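# Chains, contacts and geometry: an overview
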Amino acid sequence: GKTIMAKYQDLSISDASFTAAVDLTLVQYYFVRAGSVAGEVAIANGASNPTPLGVLQNAPSPGQEARVRVLGFSKVFALTGSGCGIGYGRFITVNASGQAIPTATEAGSAVMGRWLDTAAPVSASRFGQAFINCAGFAPCAVSAC
């Protein structure tokens, strides 16, 4: 049989424009948080208070424009630990390095989107497609793998 990949449509929502507070040249498609100054963003971390702003779409140096996908389809960089992979359609959250991770590994974490790619196996790091929703979020219970 022929495999048909889902075609994700543009939602016609523009990316938000911020200024890179730090060097973000190596973290394209990672989650970013609000910087310490209005209008700036930095790599998302454990202190993203309470959640990241969205996924970085470019790779800016300090002071350059940072384009952030707050809502919609985006490529993301995902990391899975030794316990869980990320299955198609599963919720994702963010680790302390701005990477997408399965919600199964973070109790009470906020859902940042859904993984819409082939399953990311246990102990993997890879880029994949996801639907990002950093506009509305709520803590979630740990899900099964």
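The text that follows walks through the structure, step by step, so that each part is easy to find. (Residues numbered from 1 in each chain as written. Predicted model: local features only at pLDDT ≥ 70, side-chain atom pairs only at ≥ 80, totals over all residues. Heavy atoms only, no water.)

This paragraph deals with the pattern of salt bridges. One pass over the full model with this rule turns up two salt bridges. The residue Asp15 makes a salt bridge to Arg69 at a minimum N-O spacing of 2.4 Å. One end of the pair, Asp15, is in the segment before β1 (16-20); the other, Arg69, is in strand β5 (residues 65-69), and 54 residues separate them in sequence. On the basis of relative accessible area, Asp15 is assigned to the partly exposed category, the value being 26%. (Salt bridge = Lys/Arg side-chain N within 4 Å of Asp/Glu carboxyl O. Helix = DSSP H or I, 4+ residues; strand = E, 2+ residues; numbered from the N terminus. Buried < 20%, exposed > 50% of the residue type's maximum accessible area, 1.4 Å probe, protein only.)

Taken together, the two bridges between β1 and strand β3 (residues 40-43) define a ladder with parallel strand orientation. Note that in β3 the partner of Thr19 across the bridge is Glu40. Alignment of strand β2 (residues 31-34) against β3, held across three bridges, turns out to be antiparallel. Each residue of the ladder has a partner; that of Ala34, found in β3, is Val41. Here β2 hands over to β3 after five residues, with Gly39 in that stretch at a positive phi of 90 degrees. (Pairing = 2+ DSSP bridges.)

This model, assessed by the stated rule, comprises four aromatic pairs. When the centroid spacing of 6.2 Å and the interplanar angle of 85 degrees are considered together, the rings of Tyr29 and Phe127 count as edge-to-face. With a gap of 98 residues between them, Tyr29 in the loop between β1 and β2 and Phe127 in strand β10 (residues 125-133) connect regions that are remote in the sequence. Measuring from ring centre to ring centre gives 5.0 Å for Phe73 and Phe131, while their planes differ by 75 degrees; the resulting arrangement is edge-to-face. Of this pair, Phe73 sits in strand β6 (residues 71-79) while Phe131 is found in strand β10, placing the two residues 58 residues apart along the sequence. Joined through ring pairs, the aromatic side chains of Tyr29, Tyr30, Phe77 and Phe127 make up one cluster. (Phe/Tyr/Trp six-rings, centres within 6.5 Å; stacked < 30°, edge-to-face > 60°.)

Strand order around the closed barrel formed by five strands is β1-β3-β2-β4-β5, with mixed pairing between neighbours. For this sheet, the mean angle separating the axes of adjacent strands, direction not counted, is 55 degrees. (Axes fitted to C-alpha atoms, helices over the stretch in contact; angles between N-to-C directions.)

So, about unusual backbone geometry. A positive phi angle, near 70 degrees, is found at Tyr29, a position not held by glycine. Tyr29 gets classed as buried once you look at its relative accessible area, which sits at 19%. At Ser123, a residue that is not glycine, the phi angle is positive and equals roughly 55 degrees.

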